[in-house]
Amino acid sequence: MTLATIPSGFVPQVQGYNIGSPSGVRSTSVAGGAPRNGLEYDRGPQLFQATLIFDDLELGVWTVWYQRIIRNGAYPFSMDLNSGTGPQPHECQMVPGSYSAVPVGGGALWSVSFVVTATSAAYQYSDADAQALMDLWEGVGTDLDALLARLAQFANVDTLVLDF
């Protein structure tokens, strides 16, 4: 079975969107001192609270997709999430009991909310790539966008000038 994809044009709202902390850290109390933390596992899923706003027609399409395609959230699906590296597709699994649909705006619109688990896109980076990003940030900081824009101009404009 192929992974279902959220219907096109259905994007979680920024308002009401949040990311839970990744799991995998265990804390042990120590008598007379600070608790000791240890890494239990490294690639834990995170919880994402998603809210979508629909009109009646969109709610009908969503309801069919939710109930018939992903079987009330039992099947995983692909949805664009921002897990810290910009919006990109994530394999998501709905948390049972988290789904709600309530009318808003005098009943003209519907607010559909649910919680999904997904693995952060940050895990796509190797340890070396993650360290390289940190080193770049420490060297360039908030000017990173300006540096990348200037590199793009150099590659796409400045080097295309033919001087015969």
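A. View of unusual backbone geometry. We note that Arg 71 has phi near 50 degrees; this positive angle belongs to a residue other than glycine. Structurally, Arg 71 is set in the loop between α1 (56-69) and β6 (77-82). The partly exposed category is assigned to Arg 71, whose relative accessible area is 35%. Positive phi is not limited to glycine here, since Asn 72 has a value of about 60 degrees. Looking at the secondary structure, you find Asn 72 in the loop between α1 and β6. Given a relative accessible area of 47%, Asn 72 falls into the partly exposed group.

B. Quick peek at the nonpolar core. Residues Trp 62, Trp 65, Phe 77, Met 79, Met 94, Phe 114 and Val 116 are the most contacted members of the largest nonpolar core, which totals 21 residues. Secondary structure elements with two or more residues in this core: β5 (46-54), α1, β6, β7 (87-94) and β9 (109-118). Not counting residues within four places of it along the chain, the set of residues in contact with Val 116 comprises Gln 46, Leu 47, Phe 48, Phe 77, Met 79, Leu 81, Cys 92, Gln 93, Met 94 and Val 95.

C. Representation of the confidence of the model for the protein. Across the protein, pLDDT averages 88, with 95% of residues at or above 70. When pLDDT is averaged over each element of the protein, α1 comes out on top at 97 and strand β2 (residues 18-19) at the bottom at 74.

D. The arrangement of the environment of Ile 6 in detail. Along the chain, Ile 6 falls in the loop between β1 (4-5) and β2. Residues Ile 6 and Asp 127, 121 residues apart in the sequence, show an inter-C-alpha distance of 31 Å. The contact partners of Ile 6, leaving out residues within four places of it in the chain, are Leu 52, Trp 62, Trp 65, Ser 78 and Met 79.

E. Seen up close, the pattern of salt bridges. Scanning the model with the defined rule gives one salt bridge in all. A salt bridge links Asp 158 to Arg 150; the nearest nitrogen and oxygen atoms lie 2.7 Å apart. Assessed through its relative accessible area of 44%, Arg 150 is described here as partly exposed.

F. Region of the structure containing the packing of aromatic side chains. Following the criterion strictly, the structure yields seven aromatic pairs and no others. On the basis of an interplanar angle of 55 degrees and a centroid distance of 4.7 Å, the ring pair of Phe 10 and Phe 54 is categorised as tilted. Of this pair, Phe 10 sits in the loop between β1 and β2 while Phe 54 is found in strand β5, placing the two residues 44 residues apart along the sequence. The class of Phe 54 is buried, set by a relative accessible area of 2%. Taken together, a centroid distance of 5.5 Å and an interplanar angle of 35 degrees make the contact between Phe 54 and Trp 62 tilted.

G. A look at the side chain of Ser 78. You can see Ser 78 is positioned in strand β6. On the accessibility criterion, Ser 78 (14% relative accessible area) is buried. Beyond its immediate sequence surroundings of up to four residues, Ser 78 is in contact with Leu 3, Ala 4, Thr 5, Ile 6, Pro 89 and His 90.

Cut-off values and rules
Residues numbered from 1 in each chain as written. Predicted model: local features only at pLDDT ≥ 70, side-chain atom pairs only at ≥ 80, totals over all residues. Heavy atoms only, no water. Helix = DSSP H or I, 4+ residues; strand = E, 2+ residues; numbered from the N terminus. Buried < 20%, exposed > 50% of the residue type's maximum accessible area, 1.4 Å probe, protein only. Core = buried A, V, L, I, M, F, W, Y, C linked by side-chain atoms within 4.5 Å. Contact = heavy atoms within 4.5 Å. pLDDT = per-residue confidence, 0-100. Salt bridge = Lys/Arg side-chain N within 4 Å of Asp/Glu carboxyl O. Phe/Tyr/Trp six-rings, centres within 6.5 Å; stacked < 30°, edge-to-face > 60°.

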